[in-house]
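Per-entry structural report
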Amino acid sequence: MPVDLVDPFANEAEETARPMRDLIRSYFRSPIGTFGLVLMVLIVLAAVFAPFLSFQNPYDLLQLDILDGQLKPGETSAAYGYPYMLGTDDQGRDMFSAILYGLRISLGVGILSATTAALIGATLGLVAAYHGGRLESIIMRLVDFQLSFPTILVALMILAVMGKGIGNVILALVLVEWATFARTARGVGLVESRKDYIEASHVLGVPSWRILLRHLLPNCIPPLIVIATVQVARAISLEATLSFLGVGVPITEPSLGLLISNGYQYMFSGMYWMSVFPGLALLVTIVAINLVGDRLRDVLNPRKDT
Amino acid sequence: MFASILQRVGQAVFVMFCMTIVVFIGMNLIGNPIDLLISPNATPVERQRLIAEFGLDQAIWVQYWRFLVGLAHLDLGVSYIFNEPALRVILQRFPATMELALMATFLSVLIGVPLGLYAGLRPYSPVSRLIMTSSILGFSLPTFWVGMMFILLFSVQLGWLPSSGRGETVTVFGMQWSFLTLDGLSHLLLPALNLALFKASLILRLTRAGVAEVLPQDYVRLAHAKGLSARRVVYVHVLKNVMIPVVTVVGLEFGSVIAFSVVTETIFAWPGMGKLIIDSINNLDRPIIVAYLMIIVLLFVTINLVVDILYTVLDPRVQFSKTGKR
Amino acid sequence: MAFSAQLRPEETQPILSVSGLTTSFKVARGWKPVVRNVSFDIGPRETLAVVGESGSGKSVTAMSIMGLLNPRTSLIEGEIRFDGTSLTRLSDAKIRRVRGSDMSMIFQDASLNPVYTVGFQLTEVLRLKRGMSRSQATEEAVTLLEKVRIPAARKRLGDYPHQLSGGMRQRVAIAMALACKPRLLIADEPTTALDVTIQAQIIELIKLLQDEEHMSVMFITHDMGVVAEVADRTAVMFRGDLVETGTTQEIFARPREAYTKALLASIPRLGSMNGTDFPQPFELIDHRTGEPVAAAATPLPAAPAGSLSLLDVDQLSLRFDVRGGYLNRLIGRVHAVEDVSFSIAPGETLSLVGESGSGKSTTARAIMGLSSMVRGDIRLGGLVAAGPKAAPRSVLCRKQQMIFQDPFASLDPRFRVGDLLAEPLRLHLKLQETEIEQKVVALLRDVGLRPDMAQRFPHQFSGGQRQRIAIARALALDPQLVVADEAVSALDVSVKAQVINLMMEIQRERQLSYLFISHDMAVVERISHRVAVMYLGRIVEIGPRRSVFENPSHPYTRQLMAAAPVPDPSRRQLRRGLVADEIRSPIRPKGFAPALTRMIEVAPDHFVLDLPDHAPEFP
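Residues numbered from 1 in each chain as written. Chains lettered and ligands numbered in written order. Predicted model: local features only at pLDDT ≥ 70, side-chain atom pairs only at ≥ 80, totals over all residues. Heavy atoms only, no water.

Right, let's get into the overall build of chain A. A count of helical and extended segments in chain A gives 11 helices and 0 strands. Across chain A, helices and strands are ordered from the amino to the carboxyl terminus as α-α-α-α-α-α-α-α-α-α-α. Every one of the 306 residues in chain A was classed for burial, and the buried ones make up 56%. A fraction of 69% describes how many contacts in chain A between residues 6 or more apart in sequence connect residues 24 or more apart. Of the accessible surface of chain A, which amounts to about 13,400 Å², a share of 65% is contributed by carbon and sulfur atoms. (Helix = DSSP H or I, 4+ residues; strand = E, 2+ residues; numbered from the N terminus. Buried < 20%, exposed > 50% of the residue type's maximum accessible area, 1.4 Å probe, protein only. Contact = heavy atoms within 4.5 Å. Areas by Shrake-Rupley, 256 points an atom, 1.4 Å probe, with all protein chains shown as cover.)

Structure representation (structure tokens):
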């Protein structure tokens, strides 16, 4: 069929063919974002390989020596003969090892709770956006109700009822975080599902489940990734706060927050290291994750500056 | 308009009612109140008498009904620890928390709005980049950790500001206030700043995002095209559009400020509701927890209502009846 | 120093003189020019139209003149003289004094600040630029609103912009621009966002005010019809270059440059089809060579007369609830579609034409099963197409398909074009992978794209190419009916003509039927066998295209035809008279009982609605 091709603007369309590679490239254009990512990867690696990086298991009481208690950073162990880089706590526990193990718990709790909340929240949010009607209003009422109470209060109450424990902390965090995901997912889902390509798929006889999974979901993922990143950081921070207040993780599985809390009583008697170093580790972790989240937000939702 | 407000008040009452159920069920799950209330040495007869006295032998819905009746009479039970009506114990500490929360909100607006405005208007300047990166730091730092560092730095190392308590207070309207005396103000500053930091970052980013959204709008171009001065364009045409969401968020976040005062009050030994609730949770002082929750819920529902009304007053585009959900 | 305070110079000296203007935008590496070496003059009381398609740089030129571009991200070179004074060398503060007083500007739409009242925004200029007191300014604001023919002007001062219609908002913006009695008004696509009858009113108003206020006008538009109606002289821009300038008569009668010729060849001209019965493709011209494009397709054969119809729509009604007030009660209904009946024969194009709120798109969506209908019957070749007894989607989708308006939104950005085309084939036809590949290649060829483009993503295509992909996707299952909902409205003029030609060729090859939804009378004239005019949910006139266009019988059809801008400079003196009519709302109170439809046959097969109430107030 003879068809002319005089489209004066045909050449102006972009020539890049790999959206993914472009995204990665534009992510690394920011030095701060790159710095955050490198830091985050290092922290995760440190947590994963904690047993190989630390020279003692801080919770194996046989490896502790009470004579090494309350040593300053850099002081040498009486029992082992090597220096404690970050000092020791009152029971002679090496702070560096304790921080690495604490990092495992903090990161684990943060990631596990954020991903669970993301799965539950995003599913409910997308279903609400796609389905509409009564189901949507029930879900969204629940979300509004949940969001009108601040996270810390809800978590505090849940833990007050259920008691300490890693499982309970994760449950509390999931319960306070799912609503954020649900609201974001519904918002994005609504915008996307109103776009013509969803209706075009309907018209072409594409089944609903396929539209939801293959067309709607992939287009809603980017903002959800950003929220998920930020929520991991918030979960870690919240867990630390709860543990600091004494309602979070139990003493047998100390996260960074609990280490800070334990060191708090010694802080004003000059033994700053028991509290300050875990605090710095916590801080660096959260900042690194937030830097990554902030950069992802810029890359995934490009605002066109004119 | 009036009918809509009435409708909104109705919704608020409904939320309150739902919360009484949640709180009641939740509280019944905390431990076994019988073990807590009755000495283990009590004889079985004494035990039965006490159980009947507390009404714990009644069906759960009867207990709930009693709870509601008590609530209607503003009777939320007597604190196990203080041996005083729980509501009175809470209300004694209410002004201290309000003072802290209001001061923190004021500080967060004072810090957040100007910096956000600057970063939004000059997105490419190095100062703006610095502001934005610092804001990431601002909402990354856990409140309790910042509080500790404040004490370590300003109280222990430098000795500039006191680290605990309310200091000297003045009694106005039968309540004690710190911010009216110099000593009280010096006690208030650190905790308020601590509590404000997170919200300040939030407001800063919100303001900047608002400016970035409003600046490319046609009505801003039109304002320039009308030949108005750059100052007038920014302070009259841009600012009001930016401030509408900011005011709303500041209002809604006020509840969250009160909630997070739990942390700050614990660290700075600020004698408010937050410190009380943490102590009560540790002591399993049920009436206090219930009273605290009911007051907080009332506070939140009121805040949401006020913000809703405020929003419709500020933004002419929003009709009151249509703001069913945000 | 205000310019208006000076003595007027010689009448012949240009008000605005632009020479060698080059505007560049900051990109990743260096500066990218978007307007190159543009020179033109505007004389006193003269109207210059700057016309071009998207990306031509016409708006950037205007913004450069007004100094509205951000100096951080844009660079202006060359000379801009306003009344003899160079604007490029003025400080920011001095330019602001010129802006809004000697030279003002109006934009496309929504340019009023949403959070201030009309009165505040109007008096603001008067107080700050003309030093009036508050009460003086209020009085003057009323005068200005009356000048732009806003009814009940004093009451409107307290209104917020969202309480006004688009046309009224544009009138307020014009009043604001006139506040300081400017000598040059720059109008940047001021009517593009408006319905055609409202557009006609605004153009009329600008022409009248120009006479009253003795100002010059720089009118920026993409619409050659509007150019012909307003401009003394015309400047044609293309990709940042000024291609050609001349008097409007010259440009239309004897275009010199290839691009201008190509542009003029692709404009549908209302009335050019008088005396013919069948649709006719455009005779296009290559914008590079100026030569006619080979193989301009021959006219399409007639739809087989008297054959069985393919689509039957019978008494379709559709309403949406309007809720509000206490407890979200039902307070009324939008009668979006009211008792609409028509049919389409195989190989025939029926156009539904009307303005916003007429119900034309809702009708199309109901036929495709995208809006649930309230009453009526839609049948497609023996199948029930919509409603509770509709045939399953998997059957219907092989018979009827749809093309959407926005080519940027109708393709899933995460799918390669090849996968987008293969998806319906895989789902509905039991084919081998190789057969699917062959079909994808054939589809791409059919719509004038290269087979290797199957590997690309939608964002790598221009708007016109994307609409071709959307057409290919609609054709994948070989349907008998294609519903095109404003399918060419978002495209540039020259691309629009090509896509229309393509649709006609496909129709001839495949004996397709089209339901063509459009607001553009001139496009409809080109493409249709039959036409149905919709107004406030009802069909007010339906019949063969020739009969309806040569003998429009309903007052609304006549109004629509009169309002359509005609690209013929000789009609410029034609004045339509000034009305400030609004398009009426289709919202009716709860329990409203619509009148029964009565149609009168005015010519063979040509029917007109006989309901005196159902017509515009000022026909």
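For chain B, the count of helices and strands is 12 helices and 2 strands. Along the chain direction, N to C, the helices and strands of chain B fall in the order α-α-α-α-α-α-α-β-β-α-α-α-α-α. A buried classification covers 51% of the 326 residues belonging to chain B. Within chain B, contacts between residues at least 6 apart in sequence are counted, and of these 71% link residues at least 24 apart. Only carbon and sulfur atoms are counted for the fraction: they give 67% of the accessible area of chain B, which is about 15,200 Å².

Now for the interface of chain B and chain C. Between chain B and chain C, the residue contacts involve 25 residues of the former and 31 residues of the latter. The interface formed by chain B and chain C includes 2 salt bridges. For the salt bridge of B:Lys226 with C:Glu124, the shortest nitrogen-to-oxygen distance reads 3.0 Å. Between the two partners, chain B and chain C, sit 13 residue pairs in polar contact (both at pLDDT 80 or more). Ranked by residues supplied to the side of chain B that touches chain C, first place goes to helix 10 (residues 230-268) of chain B with 8 residues. Of the residues in the side of chain B that touches chain C, the class split is 11 nonpolar, 7 polar and 7 charged. (Salt bridge = Lys/Arg side-chain N within 4 Å of Asp/Glu carboxyl O. Polar contact = N/O pair within 3.5 Å; in protein donor to acceptor, adjacent residues only side chain to side chain. Nonpolar A, V, L, I, M, F, W, Y, C, P; charged D, E, K, R; others polar.)

This paragraph deals with the sheet that holds strand 16 (residues 400-403) of chain C. Residue and element names in this part refer to chain C. The strand order across the open sheet built from 8 strands is 16-17-18-13-19-20-23-22, with neighbouring strands paired in mixed fashion. Of all strands in the sheet, those bounded by a partner on one side alone are strand 16 and strand 22 (599-603). On average, each strand axis in the sheet is tilted by 20 degrees relative to the strand beside it, whichever way the strands run. Where strand 20 (residues 538-544) meets strand 23 (residues 606-609), 2 bridges bridge the pair, whose relative direction is antiparallel. Counted as the bridge partner of Ile542 is Phe607 from strand 23. (Pairing = 2+ DSSP bridges. Axes fitted to C-alpha atoms, helices over the stretch in contact; angles between N-to-C directions.)

With respect to the helices and strands, A:Ser26 occurs in helix 1 (residues 19-27). Beyond its immediate stretch of four places on either side in the chain, A:Ser26 contacts A:Arg295 and A:Val299.

Residue and element names in this part refer to chain C. The final tally for this structure, using the stated rule, is 36 salt bridges over all chains. Taking the shortest distance from any N to any O, the salt bridge between Glu423 and Arg473 comes out at 2.9 Å. In this pair, Glu423 sits in helix 13 (residues 417-428) while Arg473 sits in helix 15 (residues 463-475), placing the two residues 50 residues apart along the sequence. Per residue, the accessibility class of Glu423 equals that of Arg473, and both read buried. Of the charged contacts in the structure, one is a salt bridge between Arg510 and Asp478, with a shortest N-O distance of 3.2 Å. Here the residue Arg510 occupies a position in helix 16 (residues 493-510), and Asp478 occupies one in the loop between helix 15 and strand 17 (481-485), the gap between them amounting to 32 residues. Judged by relative accessible area, which is 49%, Asp478 ranks as partly exposed.

Moving on: the nonpolar core. Judged by nonpolar contacts, the single largest core of 133 residues is most densely connected at B:Phe144 and B:Tyr292. No other element matches the 15 residues that helix 12 (residues 286-314) of chain B contributes to this core. Not counting chain neighbours up to four residues away, the residues in contact with B:Phe144 comprise A:Ala240, A:Thr241, A:Phe244, A:Ile260, A:Leu282, B:Val263 and B:Ile267. C:Phe82, C:Met168, C:Met215 and C:Tyr259 belong to the second largest nonpolar core, which has 88 residues in total. (Core = buried A, V, L, I, M, F, W, Y, C linked by side-chain atoms within 4.5 Å.)

All names here are of chain B. Per-residue confidence for chain B averages 81 on the pLDDT scale, and 90% of its residues sit at or above 70. Every residue in residues 320-326 is under pLDDT 50, and counting partners more than four places away or in other chains gives 16 contacts. If you check the scores for this complex, the pTM reads 0.81 and the ipTM reads 0.79. (pLDDT = per-residue confidence, 0-100.)

Right, let's talk about a nonpolar patch on the surface for a bit. Residue and element names in this part refer to chain A. A contiguous nonpolar surface patch, about 830 Å² in accessible area, is contributed by Val38, Val41, Leu42, Val44, Leu45, Val48, Phe49, Phe52 and Leu53. Counting only elements with at least two residues in the nonpolar patch, the list comes to helix 2 (31-48) and helix 3 (50-53). The leading source of residues in the nonpolar patch is helix 2, at 6 residues. Looking at the secondary structure, you find Leu53 in helix 3. (Patch = residues over 30% accessible without salt bridge, like charges linked within 9 Å, V, L, I, M, F, W, Y side chains within 5 Å.)

Along helix 1 (residues 58-66) of chain C, 8 of the 9 residues are buried, which leaves the element largely enclosed by surrounding structure. Buried within helix 1 of chain C are the following residues: C:Lys58, C:Val60, C:Thr61, C:Ala62, C:Met63, C:Ser64, C:Ile65 and C:Met66.

Bringing unusual backbone geometry into the picture now. Note: most residues except glycine have negative phi, and most peptide bonds are trans. The residue C:Asp83 is not glycine, and still its phi comes out positive at about 55 degrees. Not every positive phi belongs to a glycine, and C:Glu189 is a case in point at roughly 45 degrees.

The next thing to look at is the pairing of strand 7 (residues 184-188) of chain C. All names here are of chain C. Most of strand 7 is tucked away, with 5 of its 5 residues classed as buried. Side-chain alternation along strand 7 places Leu184, Ile186 and Asp188 on one buried face and Leu185 and Ala187 on a second face that is also buried. The β-α-β motif built from strand 7, the intervening helix 7 (residues 196-213) and the parallel element strand 8 (residues 216-221) has right-handed crossover chirality. (Right-handed = clockwise from strand over helix to strand, strands pointing away.)

Note that C:Ser56 resides in the loop between strand 3 (47-51) and helix 1. Only 2.9 Å separates the side chain of C:Ser56 from the backbone oxygen of C:Glu53, close enough to count as a polar contact.

Glancing now at helix 6 (residues 151-162) of chain A. Its 12 residues give helix 6 of chain A an end-to-end C-alpha distance of 16 Å, which sits within 8% of 16 Å, the value for a rise of 1.5 Å per residue. Of all the positions in helix 6 of chain A, only A:Thr151, A:Ile152, A:Leu153, A:Val154, A:Ala155, A:Leu156, A:Met157, A:Ile158, A:Leu159 and A:Ala160 are classed as buried. Here the buried face of helix 6 of chain A lies against helix 5 (133-147), helix 7 (166-193) and helix 9 (208-245) of chain A together with helix 10, helix 11 (273-283) and helix 12 of chain B. Positive phi shows up at A:Gly163, right after helix 6 of chain A, with a value of about 90 degrees. (Expected span 1.5 Å × (residues − 1).)

When pLDDT is averaged along chain A, the result is 80; 85% of the residues meet or exceed 70. Here residues 1-17 of chain A is modelled with pLDDT under 50, and outside its nearest four sequence neighbours on either side it reaches 53 contacts, counting other chains as well.

Further remarks concern the packing of aromatic side chains. The tally for this structure, following the rule as stated, stands at 8 aromatic pairs over all chains. Summarising the aromatic geometry, the rings of C:Phe238 and C:Tyr259 are spaced 4.1 Å apart at their centres and angled 20 degrees between planes, so their arrangement reads as stacked. One end of the pair, C:Phe238, is in strand 9 (residues 233-238); the other, C:Tyr259, is in helix 10 (residues 258-265), with 21 residues separating them in the sequence. Accessibility expressed as a relative area gives 13% for C:Phe238, which makes it buried. Put simply, the rings of A:Phe244, A:Tyr264 and B:Phe144 touch in pairs and so form one group of aromatic residues. The aromatic ring of A:Tyr101 is capped on one face by A:Arg104, whose charged end is 5.7 Å from the ring centroid. In this structure, C:Arg456 is placed above the aromatic ring of C:Phe461, and the distance from its NZ or CZ to the ring centre is 5.7 Å. (Phe/Tyr/Trp six-rings, centres within 6.5 Å; stacked < 30°, edge-to-face > 60°. Lys NZ or Arg CZ within 6 Å of the ring centre and 35° of its normal.)

So, about the environment of B:Thr20. Residue and element names in this part refer to chain B. Relative to the elements of secondary structure, Thr20 occurs in helix 1 (residues 2-29). On a C-alpha basis, the gap between Thr20 and Val290 in space is 9.1 Å, while along the polypeptide they are 270 residues apart. Apart from residues lying up to four places away in sequence, Thr20 is in contact with Tyr64, Phe67, Leu68, Leu71 and Met294.

Turning to the packing of helix 9 of chain A against helix 11 (residues 273-300) of chain A, a few remarks are in order. Residue and element names in this part refer to chain A. Interhelical geometry of helix 9 versus helix 11 gives an angle of 165 degrees and a closest axis separation of 9 Å. Judged on the interaxial angle alone, helix 11 and helix 9 are roughly antiparallel. Here the hand of the crossing between helix 9 and helix 11 comes out left-handed. Residues Pro222, Ile225, Val226, Thr229, Val230, Val232, Ala233, Ile236, Ser237 and Ala240 of helix 9 touch helix 11, and the partners they reach there are Leu282, Thr285, Ile286, Ile289, Asn290, Val292, Gly293, Leu296, Arg297 and Leu300. Among the residues forming the contact of helix 9 with helix 11, the class breakdown is 14 nonpolar, 5 polar and 1 charged. (Parallel < 35°, antiparallel > 145°, perpendicular 65-115°, else oblique. Left-handed = near helix turned anticlockwise from the far one by under 90°.)

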